[in-house]
Amino acid sequence: MELVCGCYEQVLFGFSVCRDPGPNDKSEKWTPVADFTHHGHAASLSAVAVNNRFVVTGSKDETIHIYDMKKKVEHGALLHHNGTINCLKFFGNGHLISGGEDGLICVWDAKRWDCLKSIKAHKGHVTSLSVHPSGKLALSVGTDKTLRTWNLIEGRSAFIKNIKQNAHIVEWSPSGEKYIVVIVNKIDIYQLETASITGTITTGKRISSVTFISDSILAVAGDEEIVRLFDCDSLKCLCEFKAHENRVKDICSFDVPEHHVIVTASSDGFIKMWRYKSNKKTPPSLLCEVNTKARLTCLGVWLDKVTDFKADVEDQPPTAAVLSPEEQEFTTNSLKSDESAGKQKQSKKFGCTKESKKPTKAENVPSAKKRKLGGIIEKKKRKKAQITE
């Protein structure tokens, strides 16, 4: 397990979390240990995303950097956006979606790191995006006061909803049955089936980050030291606790046996991990903390779920077998579609060729079996001719 966080000082921090088991859950000790720091960007970091293999970071320097967490090396950079990278999301282990100030949403192949599709998604900035757990839909919000739904299988816009103000956060619930849209200090909860608001949660100050602890419990952090947990059904505040000495910039969560873990990062430089049991209304208890001595901006947790991932498998070129049927169809449609000049330039940079003519039926291309059989017959004819002579 690794905590990764970016800061205004252009540095990416990595802290390995060691868990020392005890006789019971209460005595288990969590200890963060400094693992790496990397100064790869030329401006402050604005977004971070993780999957089973990679950590990617976005920055105000208009680049996306890739880090291989298995080998602990920088894997390269993606140069397609013009403006700050505001949001990064993986879906599955095969694709990455990025959104930026240029209004573009880009879909990347997370194996070859090619730009599969570049979409002019919003007239203003793309401020946030979220991918449905199924990988078939995505939501995005921007400074053009719209909430947009994207069909990821066909690679096109599916629905546009006008909202009264600019939203800066959108997030799916773990089940995908609901989603939330955050506008300043207000959280609107939508049901997927009706696409209508079923409830609203309001806080005192601007909301900076949210994360679903479960399908019905939402953790909310804002421009204050307090983190609150809300019930999405009753809209009531279950509990609140003082997490930091300064405003909380980012928050995320994951599950371990018997309880949830909430991770918070603040402008005070601290990253803290909290234990929370959803069947109790008591505030979370502190597991561990670490002081980075930097002004933190974004946070992620890399969970090394595949510990026995063989190197020979890692180095093999990607095949269709590693993609779901939906991902395969989406990738194919994306590559067929017409791209902008910027995308063509980027594809050339990453070694992609222009769309070539597809071969027709194998009328002029004999199969390997036929070629082999033809070679054997020809060899026998030459041998027979030599004997006759």
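Quick note: structure is the one above.
Reading guide: rules and limits
Residues numbered from 1 in each chain as written. Predicted model: local features only at pLDDT ≥ 70, side-chain atom pairs only at ≥ 80, totals over all residues. Heavy atoms only, no water. Helix = DSSP H or I, 4+ residues; strand = E, 2+ residues; numbered from the N terminus. Buried < 20%, exposed > 50% of the residue type's maximum accessible area, 1.4 Å probe, protein only. Contact = heavy atoms within 4.5 Å. Areas by Shrake-Rupley, 256 points an atom, 1.4 Å probe, with all protein chains shown as cover. Salt bridge = Lys/Arg side-chain N within 4 Å of Asp/Glu carboxyl O. Core = buried A, V, L, I, M, F, W, Y, C linked by side-chain atoms within 4.5 Å. Pairing = 2+ DSSP bridges. Axes fitted to C-alpha atoms, helices over the stretch in contact; angles between N-to-C directions. Phe/Tyr/Trp six-rings, centres within 6.5 Å; stacked < 30°, edge-to-face > 60°. Lys NZ or Arg CZ within 6 Å of the ring centre and 35° of its normal.

Go over the overall build of the protein chain with me, naming the residues and quoting the values.
Along its length, the protein chain carries 4 helices and 28 strands. A total of 389 residues make up the protein chain; the buried ones form 49% of that total. Here the analysis covers contacts within the protein chain between residues at least 6 apart in sequence; of these, 44% occur between residues at least 24 apart. Only carbon and sulfur atoms are counted for the fraction: they give 51% of the accessible area of the protein chain, which is about 20000 Å².

Residue-level account of the pattern of salt bridges, with values.
Per the counting criterion, the structure on display carries 14 salt bridges. With its nearest N and O atoms 3.9 Å apart, the salt bridge here joins Lys186 to Asp188. Judged by relative accessible area, Lys186 falls into the partly exposed class, the value being 28%. Salt bridges sharing partners connect three or more residues here, namely Glu2, Asp35 and Lys72.

Which residues make up the nonpolar core, and what values go with them?
Ranked by internal contacts, the top residues of the largest apolar core, which has 23 residues, are Trp30, Val263, Ile271 and Met273. Contact partners of Ile271, with chain neighbours within four places excluded, come to Leu3, Cys5, Phe15, Val263, Thr264, Cys288, Glu289, Val290, Thr292, Leu296 and Leu299. Counting 17 residues, the second-largest nonpolar core is a separate cluster that includes Ile85, Cys106, Trp108 and Ala110.

Give a description of the sheet that holds strand β5 (residues 54-59) that names residues and reports values.
The strand order across the open sheet formed by 4 strands is β4-β5-β6-β7, and the pairing between neighbours is antiparallel. In this open sheet, the two strands that pair with only one neighbour each are β4 (45-50) and β7 (73-78). Ignoring strand direction, the axes of neighbouring strands in this sheet form an average angle of 20°. With 5 bridges connecting them, β4 and β5 associate as antiparallel partners.

Any chance you could break down the sheet that holds strand β1 (residues 2-7) for me, citing the residues and the numbers?
Note: strands within a sheet are paired through backbone hydrogen bonds, in either parallel or antiparallel orientation. Taking strand neighbours across the sheet as the criterion, the 4 strands line up as β3-β2-β1-β28 in an open arrangement whose pairing is antiparallel. With partners counted over all chains shown, the strands left at the sheet margins are β3 (29-38) and β28 (296-302), one partner each. Within this sheet the neighbouring strands show an average axis-to-axis angle of 25°, counted without direction. Relative to β28, β1 runs antiparallel, the two sharing 6 bridges. By the bridge assignment for β28, Cys7 is matched with Leu296.

Quick one: what's the story with the packing of aromatic side chains, residue by residue and with numbers?
As enumerated under the stated definition, the model contains 5 aromatic pairs in all. Arranged with centres 5.1 Å apart and planes meeting at 65°, the rings of Trp172 and Tyr179 form a pair that is edge-to-face. Classification of Trp172 as buried rests on a relative accessible area of 5%. Taking the centre distance of 5.0 Å and the plane angle of 5° together, the rings of Tyr179 and Tyr190 count as stacked. Of this pair, Tyr179 sits in strand β17 (residues 178-183) while Tyr190 sits in strand β18 (residues 186-191), and the two are 11 residues apart along the sequence. By relative accessible area, Tyr179 is classed as buried at 6%. Among the aromatic side chains, those forming a connected cluster through ring pairs are Trp172, Tyr179 and Tyr190. Geometry around Phe270 places Lys272 over its ring, the cationic atom sitting 5.7 Å from the centre.

Give a description of the pairing of strand β8 (residues 85-91) that names residues and reports values.
As a general feature of sheets, a regular strand has side chains that alternate between the two faces. In terms of burial, β8 is a largely internal element, 5 of the 7 residues being buried. Where β8 and strand β9 (residues 95-100) come together, 6 bridges link them in antiparallel fashion. Paired with Phe90 across the bridge in β9 is Leu96. The antiparallel hairpin formed by β8 and β9 contains 3 residues in its connecting segment, where Gly92 sits at a positive phi of about 70°.

Just give me the short version of the environment of Thr200, but keep the residues and values in it.
Looking at the secondary structure, you find Thr200 in strand β19 (residues 197-202). Of the residues examined, Thr200 reaches a relative accessible area of 35% and is grouped as partly exposed. For the pair Thr200 and Cys232, spaced 32 residues apart in sequence, the C-alpha separation works out to 8.8 Å. In this structure Thr200 touches Lys186, Ile187, Asp188 and Leu235, once residues within four positions along its chain are discounted.

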